[in-house]
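Spelled out from the first residue to the last, the chains are:
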Amino acid sequence: MLKVINFFALLLLSLSVNAQTSSHYISDDVFTYIHGGPGTDFRIIGSVEAGQPIQFLGKTEGEYAQIIDNKGREGWVRSAFVTEQPSLRERFPLVEQELIKVNEQLNQISLGTDNVSQDFELAKQKVTELQVALEKALAERDTAQAKVDTTKQDQQYQMWQQGGIIAGIGALIGIILVYLPRPQLRKKSRWM
């Protein structure tokens, strides 16, 4: 049964393996030995640390794949340890740089937020001051409007009063003129 499973695994691996050399990696969770041939029966050439970049030569036999490690040694490792995904060793510096950039952006945003908060507080104070000034100006306007209205009414009263006085004086003069003796007309028959 194990031979049948190995046969199908070998068949599937040989169909899916690319004949060209390509960049692959030793998966991050292993430390593996490079053998001189496809199996543990062959001598150990060296070891490959987890995450090291390798070149996959496209050959597989059984559970082993032929590679060239980062030191230029050609050998065989278990196929299960070969992956196309970049290792954490390769991705970590990129992630670290990205983290630094994001932290810098966050700090800038934080500083901007602090500045915005300060600006917002200043704006709130300014709005409060302006509201107080507006209320004061509205009160002064209402007082001035009341004075204008009072002055207008006083002027109208004075005009009516003056008009009444003039009318009264005119009526009094008219009455007095009615009772004054009229001068007599001279007769033409008189000599002079």
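Residues numbered from 1 in each chain as written. Predicted model: local features only at pLDDT ≥ 70, side-chain atom pairs only at ≥ 80, totals over all residues. Heavy atoms only, no water.

Novice: Would you mind showing me how to read the overall build of the chain here?
Specialist: When its secondary structure is counted, the chain shows two helices and seven strands. Helices (α) and strands (β) of the chain occur, in sequence order from the N terminus, as α-β-β-β-β-β-β-β-α. The proportion of buried residues among the 192 residues of the chain is 17%. Long-range pairs, those at least 24 residues apart, make up 53% of the contacts in the chain with a sequence separation of at least 6. Of the roughly 15,900 Å² of accessible surface on the chain, 60% is carried by carbon and sulfur atoms. (Helix = DSSP H or I, 4+ residues; strand = E, 2+ residues; numbered from the N terminus. Buried < 20%, exposed > 50% of the residue type's maximum accessible area, 1.4 Å probe, protein only. Contact = heavy atoms within 4.5 Å. Areas by Shrake-Rupley, 256 points an atom, 1.4 Å probe, with all protein chains shown as cover.)

Novice: What's the story with the pairing of strand 5 (residues 64-68) in this structure? I'm lost.
Specialist: Each regular strand shows side chains that alternate between the opposite faces of the sheet. For strand 5, a buried count of four out of five residues is recorded, marking the element as mostly surrounded by other parts of the structure. The pairing of strand 4 (residues 53-61) with strand 5 spans four bridges and is classified as antiparallel. Looking at strand 5, one finds that Thr60 is bridged to Ala65. Here strand 4 folds back onto strand 5 in antiparallel fashion, the turn holding two residues, of which Gly62 has a positive phi close to 60°. Two elements, strand 5 and strand 6 (residues 74-78), share five bridges in a ladder whose sense is antiparallel. (Pairing = 2+ DSSP bridges.)

Novice: So what exactly am I meant to see when it comes to the nonpolar core here?
Specialist: The tendency in soluble globular proteins is for nonpolar side chains to be buried as a group. Residues Ile34, Val48, Ile54, Phe56, Ala65, Ile67, Val77 and Val82 constitute the largest nonpolar core, which totals eight residues. Of all the secondary-structure elements, those providing two or more residues to this core are strand 4 and strand 5. (Core = buried A, V, L, I, M, F, W, Y, C linked by side-chain atoms within 4.5 Å.)

Novice: Help me understand the side chain of His35, please; the structure alone is not making it clear to me.
Specialist: Structurally, His35 is set in strand 2 (residues 32-35). Judged by relative accessible area, which is 9%, His35 ranks as buried. A polar contact is formed between the side chain of His35 and the backbone oxygen of Phe42, at a distance of 3.3 Å. If sequence neighbours within four positions are ignored, His35 has contacts with Thr40, Phe42, Arg43, Ile44, Ile45, Tyr64, Gly75 and Trp76. (Polar contact = N/O pair within 3.5 Å; in protein donor to acceptor, adjacent residues only side chain to side chain.)

Read these as spatial facts, not as claims about activity.
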